[in-house]
Amino acid sequence: MRILVVEDEPLLADTVAQGLRHEAHAVDVVYDGAAALERVGVNDYDVVVLDRDLPSVHGDDVCRALVEREADTRVLMLTAAAGVDDRVTGLSLGADDYLPKPFAFRELSARVAALGRRSRPAAPPVLRRAGISLDPHRREVYRDGRYVPLSRKEFAVLAELLRADGTAVSAETLLEKAWDENADPFTHAVRMTILKLRRKLGDPPVVLTEPGVGYRIP
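Overview of the structure. No experiment lies behind these values; they were computed from the predicted model shown.

Digging into the overall build of the protein chain
Okay, so step 1: Summing up its helical and strand segments, the protein chain has eight helices and eleven strands in all.
Okay, so step 2: The C-alpha atoms of the protein chain give a radius of gyration of 18 Å, which matches the 17 Å a tight globule of 218 residues would have.
Okay, so step 3: When its C-alpha atoms are laid out on the principal axes, the protein chain stretches across 55 × 35 × 30 Å.
Okay, so step 4: In the protein chain, buried positions account for 45% of the 218 residues.
Okay, so step 5: Of all intrachain contacts in the protein chain linking residues separated by at least 6 positions in sequence, the fraction that spans at least 24 positions is 59%.
Okay, so step 6: About 11000 Å² of surface is accessible on the protein chain, with carbon and sulfur atoms providing 52% of the total.
Okay, so step 7: Distance between charge centroids for the protein chain: 9 Å, based on 30 positive and 35 negative side chains.

Right, here's the structure in full:
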């Protein structure tokens, strides 16, 4: 998934981002509301992890802006205020979920995963196609019963191809979903990752190239 973390405590923001990247997500990080509005204006995110008490532009205003865009982005709101009234207010603004601080990363990760499932069409818990099975929760991949060890980026790219259900996925979409905003749009990272993925999945080749369109698993 493509995730934006908006948190004015840099250590907390970077720790959350690192943990989510370890789970094969593409994560961007900003530390104030103005920067958050700038990012959501140019990037499509599956989930935004949004601190409510932000400098520059308040988290409530960022949440309202996301709701007004009528996009499929889901919002997990964070706050040190844990009262019922605070949670109700946050949810009434359009946030999809609410997590008080301090929190355990495992819980945040589970809530992000649940919101991610809601931001896209329903998919089976284990993705299967062409003899490949991918378990997003156990982070395991098998082809015809053979375990296939993948890097985080290879896993993320394969997951996007399987979710496409046989249709082609462009290199631009893969770059957006599996890499963060620091990725060079002119890089060969996607092509190199596809090559490595094909090699690890073995013969017969299962990841096909559609010239001028992208990649697909038939």
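Now that the structure has been shown, we can carry on.
Considering the pattern of salt bridges
Between side chains of opposite charge, pairing is possible as soon as their charged atoms come close.
Okay, so step 1: Counted under the stated rule, the structure contains 16 salt bridges.
Okay, so step 2: The residue glutamate 7 makes a salt bridge to lysine 101 at a minimum N-O spacing of 2.9 Å. Here glutamate 7, found in the loop between strand S1 (2-6) and helix H1 (10-22), pairs with lysine 101, found in the loop between strand S5 (97-100) and helix H5 (105-118); they are 94 residues apart in sequence, far enough to count as distant.
Okay, so step 3: Residue classification places glutamate 7 among the buried residues on the basis of a relative accessible area of 2%.
Okay, so step 4: A relative accessible area of 18% places lysine 101 in the buried class.
Okay, so step 5: Among the charged side chains, a network of salt bridges with common partners joins Glu7, Glu9, Asp51 and Lys101.

Cut-offs applied
Residues numbered from 1 in each chain as written. Predicted model: local features only at pLDDT ≥ 70, side-chain atom pairs only at ≥ 80, totals over all residues. Heavy atoms only, no water. Helix = DSSP H or I, 4+ residues; strand = E, 2+ residues; numbered from the N terminus. Rg over C-alpha atoms; globule rule 2.2 N^0.38 Å. Buried < 20%, exposed > 50% of the residue type's maximum accessible area, 1.4 Å probe, protein only. Contact = heavy atoms within 4.5 Å. Areas by Shrake-Rupley, 256 points an atom, 1.4 Å probe, with all protein chains shown as cover. Lys, Arg positive; Asp, Glu negative; His and termini not counted. Charge placed at Lys NZ, Arg CZ, Asp CG, Glu CD. Salt bridge = Lys/Arg side-chain N within 4 Å of Asp/Glu carboxyl O.

So far we have only geometry, and geometry alone does not tell us how the molecule works.
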